[in-house]
Amino acid sequence: MLRNLRLSWDRNQRKIAPYLFVAPFFVLFAIFLAYPVIYSLVLSFYQARGLGSRTFVGLENYIELFLDRRFHKAIINTTYYAAGSVFLLSPLALLLALALNAKWLKLKGLFRVAFFVPVITSEVVVALMFALVFDQDFGLLNAGLRAIGLSAIPWLRSPAWAMPSIILLGVWIWLGLNALYFLAGLQNIDQEYYEAAAIDGANQFQLFRYITIPLLKPVILFVVIQAIVGSYQLFTQPWVLTGGGPQDATLTITMYLYLQAFRFFNMGYASAIGYALVVIILTLSLIQLVAFGTFRREDA
Amino acid sequence: MAADQTVTAAKTGTPVKVRALLTGAGRLLVLLLLLGGVFLTAVPYIYMVSATFKPNTEIYSIPITLWPRNVTYFNYQQLFSEFPFARWYGNSVLVASTRTLLSVFLSALAGFGFAKYRFPGRNVLLIVLIATVMLPFQVLLVPLFIEMVRFRWIDTYWAVIVPFAANAFHIFLMRQYMLSVPDELLDAARIDGCSEFRIFAQVALPLMKPGLAVISILAFVQSWNDFLWPLIVLNDINMFTVNLGVATMVGPYRIQYGTVMAGSFLSTLPIVIFFLTMQRQFIAGLTSGAIKL
Amino acid sequence: MKIARASIVWMLLLLALCVNTAFAQTLEFWGFADNRNKWYQAMAEEFKKIYPNVTINIRSFPYEEMHNRLQAALIAGFGAPDIADVEISRMGQFVKGDQVGFVPLNDLIGDEINNLYTGAATAPWTWQENIYGIGNELNAVLMFYRWDLYENAGLEHPGTTWEEFIENGKKLAATGVKTLAINDQGWEYWWIIASAGNGFFDSQGAVAADNEFGRKTLQLLYDLLHTHEIAMVAPLDAAYYGAMQADAFAVHLGAPWYQGFMKDNAASLAGKWKMMPLPVFADGSGAPTATHGGTGTVITNQSRYPDIAWEFIKFANLTVEGQIAAFNMANLFPTYTPAWTDDRLYRTDDYFSGQRPAEIISQVAPLIPPLNNSPYWPEVTDAFTRLVITPVLQNTTTIDRAMQDFRREVDRIMR
């Protein structure tokens, strides 16, 4: 009997083993993620204001959300920030990676580390530092502007400048990490492609356009998805620096969720916002994946 | 853009010169731009450190000073006399290292499982995994808090170590690393009669050192810098992590910015040192194929 | 000395209770304001002399997070402290559901209600006739002004009417000093001035911010900034004190608690300040004071020792000794009226050039307009800042249009 069991384990090891490998993760996952996630999904169908009874309201929270102008504003702001991440941060990071990948460049180690330090600095500390940088009267940035004869900018005080300030801060924080991702991608490109093209007489720009970019596509995809997912979860920097103001100019989706839950006490509505956010992020990511043809390649 | 590259043709062995886009002046410009970038990155830090040696009145005075006019150590004295700062440090070290170990172990295991086996349900589980990366943490706040209270984990190290130790993104990265381990190696071990776990522990894992370094750094930094969650589950000031401690020193009803900056500086220092000592492995790890989708 | 004597009295009175509770009890207290926490810490140490078995742990969190985590704990039904400080504008969120997570104090207060200035002590923490908190701050707003800067401009003070305030402000501006620093992202000054015409809500709880007086107040702030250019946009947080110490502006409208913050953050200006009642409009509308800010102490319904929690709150808030300590440590003017006759309250203050703050506060205290709270306070004040204060003061919309937007938003919120 025991021997049979032993034999059957040996025979079936490869079938059972993968489940055992992934099990510890999924146990924690079930307890600390799946359960709370389902709990808030249920909550999103209830009107749960403050303490006490809850009323089942079906899809009402979602309908209200669909019509909520503040929520629209939050989506627009967050998209604005995401666009900044994708179209400003990502190209800058690629340029930085190309520079860092150049063979002639000196001080590579210094550059890599220097640009990376903001990523490992706590978001709370970063926000505290930048409160001093962005301050209209006593801040570093405006001191710099005044020194070169320009007028001060109300960085975080005007609705027009507030989100660009947060985007600049985002670039400051994330540039190094994204450049490293690109650098990793660049160094993984097989040199033989360049050789072949070079023999055919391609110039440097053509190499970049027809070899680097296509071969970098998976990394670009990764960086862009990361940027979008991260952007749609933006919370700490505007929370500490502007609290979402002025005039909701930096109100993000997660901040609106947090406000509805913990300042206005509308737990059901807040849960609905959470799920709307999940849908937005999943949709955008799927579009990206399809656009880049990832699924086809994975199956091959 | 990129510099010229001398590429050696493998077959002939003769160098093929590609016409360079950037020559002397262009290179100098790139170098200057990079140095400018480093300066912009460094200035806020310099300003923070200098603020820690300023009396509060000097931080908010015109003209602003990059270096303190009147050097004071008051902010540091305040930090250690008014707050259990050393204890916060100890908590952070304990919590961050335990959570890192746990996270690395879990993600290596699961990453291996996903990368090296085809099994029914794998794709479903993978999609679940990717979906959780995208889940906004705030959705979990209230239900997870209730769970912590039910477990009687409030004000314990468990609450800040366990719930977020299983990180889907780490597994995802680990899976990418594991994909690059050749199957032949594993099959060879199987023929030698190794159990699947031994294959993982003795064959795959040693090959994964760069990946492990990357996950360690990510997990450690994440845990060290965690803010919202510790704030919710830790009440006892002696249980605070250093990042939470620093954050609780700020607010509209307390504005000793110099002291806050001193706390910020000291809380950032170890993580930067940790990164500097690990950065070689980290960068090697990232560049050795972390992100092949 | 007096504290010691009071302690002996307490000791005798509560001996029986002490015997009953001869095991160690630890109560949690959450607060957010440094000045109050310091005072409560001192009170907790005094309290321990009477109840050696009782330890009150005073814990301090940032403003926003403290209120939010208290809320999370009340929703969860676990993890809340025994006692907590709730700031006046955050009370609304705690009475929104059909249950309130705090212990009603009406019976516990009993006849002591007659010894309280209820407008500030209980009204802000009262909901549907249940008193959930005790506020010990009588936050009568006064006008603090830099007499040295006014003297420089050949003036004695900012003025007793807003019209005079503006005329004097122009003369002051000629010397390069603005009169006021107005926050274009907060409702503090609007609220202080507009309280005379109801403020945000009327006594029935309906939104009143867009009434005639509310518009008039907004117009005044707008004129100070843009028409007469005698006010500046206020720097935020600590930078405000930087501008203050740089002599950028000469007037601050603030409650007694604010005096403590000025002493801590603008110490260099000691002896340069004086205080007087607020200006009113020349047509007689307006009020010489208003209430601003305030914090009440509540007992949560999760407390295992609500009786002891109440004894502690009473010890700190409903005794002359406790209130004199609050005045001395944090400049908090008591709502507990028996303390008003205590001589120690009427000391001179060097920071305010030898004036006796308590004298002026007690003169204007009866004139404080009532504060009308609402469960929608957080949303409505937030909407007002967003849709009215900022766009109007930043000159991107008209008062009429802003008030229309605000009314539409309020109707949606309170639906």
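Residues numbered from 1 in each chain as written. Chains lettered and ligands numbered in written order. Predicted model: local features only at pLDDT ≥ 70, side-chain atom pairs only at ≥ 80, totals over all residues.

Some words on the overall build of chain A
Counted only if it meets this: Going along the chain from the N terminus, every DSSP run of H or I of four or more residues is numbered as a helix, and every run of E of two or more is numbered as a strand. Two things to know: the radius of gyration comes from C-alpha atoms, and the globule rule equals 2.2 Å times the number of residues to the power 0.38. Each residue is represented by a C-beta atom placed from its backbone, and any two residues with such atoms within 7 Å are regarded as in contact.
In terms of helices and strands, chain A carries 13 helices and 2 strands. Taking 300 residues into account, the globule formula puts the C-alpha radius of gyration at 19 Å, and chain A, at 25 Å, lies well above it. The long-range share in chain A, meaning contacts at least 24 apart out of those at least 6 apart in sequence, stands at 67%.

Concerning the overall build of chain C
Using the following cut-off: Exposure classes come from backbone-placed C-beta atoms, where a residue is buried if 20 or more other C-beta atoms lie within 10 Å of its own, exposed if 12 or fewer do, and partly exposed in between.
Per the secondary structure count, chain C includes 18 helices and 12 strands. A compact globule built from 415 residues would reach a C-alpha radius of gyration of about 22 Å, and chain C, at 22 Å, matches this within 12%. Expressed as lengths along the three principal axes of its C-alpha atoms, the size of chain C is roughly 70 × 50 × 35 Å. In chain C, which comprises 415 residues, the proportion classed as buried is 55%. In chain C, once contacts between residues fewer than 6 apart in sequence are set aside, the share between residues at least 24 apart is 73%.

Let's talk about the packing of helix α9 (residues 204-232) of chain A against helix α12 (residues 267-291) of chain A
All names here are of chain A. Cut-off, in case you're wondering: Fitted lines through C-alpha atoms serve as axes, helices being fitted only where they are in contact, and the angles separating the N-to-C directions of these axes extend from 0 to 180 degrees. Roughly parallel refers to an angle under 35 degrees, roughly antiparallel to one over 145, roughly perpendicular to one between 65 and 115, and oblique to any angle outside these ranges. Less than a right angle of anticlockwise turn of the near helix away from the far helix marks a crossing as left-handed, whereas a clockwise turn marks it as right-handed. The nonpolar class holds Ala, Val, Leu, Ile, Met, Phe, Trp, Tyr, Cys and Pro. Asp, Glu, Lys and Arg form the charged class, and all remaining residues, Gly among them, are polar.
Put simply, α9 and α12 touch, their axes get as near as 10 Å, and they point 165° apart. Taken as axis vectors, α9 and α12 run roughly antiparallel relative to one another. Along this stretch, α9 crosses α12, giving a crossing that reads as right-handed. Facing Leu-221, Val-224, Ile-225, Ile-228, Val-229 and Tyr-232 of α9, the residues of α12 in contact are Leu-277, Ile-280, Ile-281, Leu-284, Ser-285 and Gln-288. For the contact of α9 with α12, the class distribution of residues is 10 nonpolar, 2 polar and no charged.

With respect to the sheet that holds strand β2 (residues 54-60) of chain C
Residues and elements named next belong to chain C. Selection criterion: Whether two strands pair comes down to DSSP finding at least two bridges between them.
Sheet architecture is open: 5 strands sit in the order β2-β1-β3-β12-β6, paired in mixed fashion. Two strands lie at the open edges of the sheet, namely β2 and β6 (133-135), each paired on one side alone. Between one strand axis and the next, the sheet turns by 25° as a mean value, whatever way the strands run. Across 5 bridges, the pairing between strand β3 (residues 83-87) and strand β12 (residues 295-299) is antiparallel. Its bridge partner being in β12, Asp-85 is matched across the sheet by Thr-297. Of the strands in this sheet, β1 (25-31), β2, β3 and β12 are in contact with helix α3 (residues 34-50), which crosses β2 at around 170°. Strand contacts of helix α14 (residues 306-317): β1, β2, β3, β6 and β12, with the helix running at about 155° to β12, the strand carrying the most contacts.

Notes on the environment of Val-27 of chain A
All names here are of chain A. Residue position: Val-27 is located in helix α1 (residues 2-43). Note on Val-27: 12 C-beta atoms within 10 Å, which makes it exposed. Counting along the chain gives 57 residues from Val-27 to Gly-84, while the straight-line C-alpha distance between them is 38 Å.

Digging into the nonpolar core
Under the convention used in this document: The term nonpolar core means buried Ala, Val, Leu, Ile, Met, Phe, Trp, Tyr and Cys residues held together as one set by C-beta atoms within 7 Å.
Formed by 303 residues in total, the largest nonpolar core has its most connected members in Ala-179 and Ile-273 of chain A together with Phe-384 of chain C. When sequence neighbours within four positions are dropped, the list of residues in contact with Ile-273 of chain A reads Leu-65, Phe-71, Ile-253, Tyr-256, Leu-257 and Gln-260 of chain A.

Regarding the confidence of the model for chain C
Residues and elements named next belong to chain C. Condition: A score from 0 to 100, pLDDT tells how confident the predictor is in each residue.
Model confidence for chain C is summarised by a mean pLDDT of 89, while 94% of its residues fall at 70 or above. A low-confidence stretch, residues 15-21 (pLDDT under 50), is modelled with 2 contacts involving residues beyond four sequence positions or located in other chains. In the predicted assembly, ipTM is 0.82 and pTM is 0.82.

Quick word on the interface of chain B and chain A
The interface of chain B with chain A comprises 81 residues on the first partner and 83 residues on the second. Among the secondary structure elements, those contributing two or more residues to the side of chain B that touches chain A are α1 (24-52), α4 (85-116), α5 (122-133), α6 (141-150), α11 (209-225), α13 (242-247) and α14 (257-287) of chain B. Partitioning the side of chain B that touches chain A into residue classes produces 60 nonpolar, 15 polar and 6 charged.

Focus on the domain arrangement of chain C
Interface extent is often summarised as the accessible area lost during association of the parts. Residue and element names in this part refer to chain C. Just so we agree on the cut-off: Source of the domain bounds: an automatic or database domain assignment.
Along its sequence, chain C is organised into domain 1 (2-138 + 295-341) and domain 2 (142-290 + 369-413). One C-alpha centre belongs to domain 1, the other to domain 2; they are set 31 Å apart. Broken down by element, the side of domain 1 that touches domain 2 gets its largest block of residues, 3 residues, from helix α5 (residues 91-94). In terms of residue class, the side of domain 1 that touches domain 2 is built from 7 nonpolar, 6 polar and 3 charged.

Considering the interface of chain B and chain C
On the side of chain C, 24 residues touch chain B, which itself brings 23 residues to the contact. Secondary structure elements with two or more residues in the side of chain B that touches chain C: α2 (56-59), α6 and α12 (228-233) of chain B. By residue number, the principal contributor to the side of chain B that touches chain C is α6 of chain B, which donates 4 residues. Tallied by class, the residues present in the side of chain B that touches chain C amount to 16 nonpolar, 6 polar and 1 charged.

Details of helix α8 (residues 168-179) of chain B
All names here are of chain B. In plain terms, the rule: Here the expected length of a helix is defined as 1.5 Å per residue gap, with one fewer gap than residues.
With 12 residues, α8 extends 17 Å between its outermost C-alpha atoms, agreeing within 8% with the 16 Å of an ideal straight helix rising 1.5 Å per residue. Across the 12 residues of α8, 9 count as buried, placing the element largely inside the fold. Listing the buried residues of α8 in full gives Ala-168, His-170, Ile-171, Phe-172, Leu-173, Met-174, Arg-175, Tyr-177 and Met-178.

Observations concerning the environment of Pro-391 of chain C
Inspection of the secondary structure assignment puts Pro-391 of chain C in helix α17 (residues 377-393). Pro-391 of chain C sits in the buried class, given 21 other C-beta atoms within 10 Å. Sequence separation of Pro-391 of chain C and Asn-130 of chain C is 261 residues, and the distance between their C-alpha atoms is 38 Å. Once residues lying within four places of it in the same chain are set aside, the contact partners of Pro-391 of chain C are Gln-247 of chain A together with Thr-396, Thr-397 and Ala-402 of chain C.

Quick notes on the sheet that holds strand β10 (residues 249-254) of chain C
Residues and elements named next belong to chain C. What the 5 strands build is an open sheet, ordered β9-β8-β10-β7-β11; its pairing is mixed. Bordering the open sheet on either side are β9 (231-233) and β11 (273-276), each of which pairs with just one other strand. With strand direction ignored, the average angle separating the axes of adjacent strands in the sheet is 30°. Bridge analysis of strand β8 (residues 178-182) against β10 gives 2 bridges, and the strand direction is parallel. By the bridge assignment, Lys-178 is partnered in β10 with Phe-249. Strand contacts of helix α11 (residues 212-227): β8 and β9, with the helix running at about 120° to β8, the strand carrying the most contacts.

Focus on the pairing of strand β7 (residues 142-146) of chain C
Residue and element names in this part refer to chain C. In terms of burial, β7 is a largely internal element, 5 of the 5 residues being buried. Covered by surrounding structure in β7 are Leu-142, Phe-144 and Arg-146 together with Met-143 and Tyr-145, the residues of both alternating faces. With 4 bridges connecting them, β7 and β10 associate as antiparallel partners. Its bridge partner being in β10, Phe-144 is matched across the sheet by His-252. Bridge count for β7 against β11 is 4 bridges, and the pairing is antiparallel. By the bridge assignment for β11, Arg-146 is matched with Trp-273.

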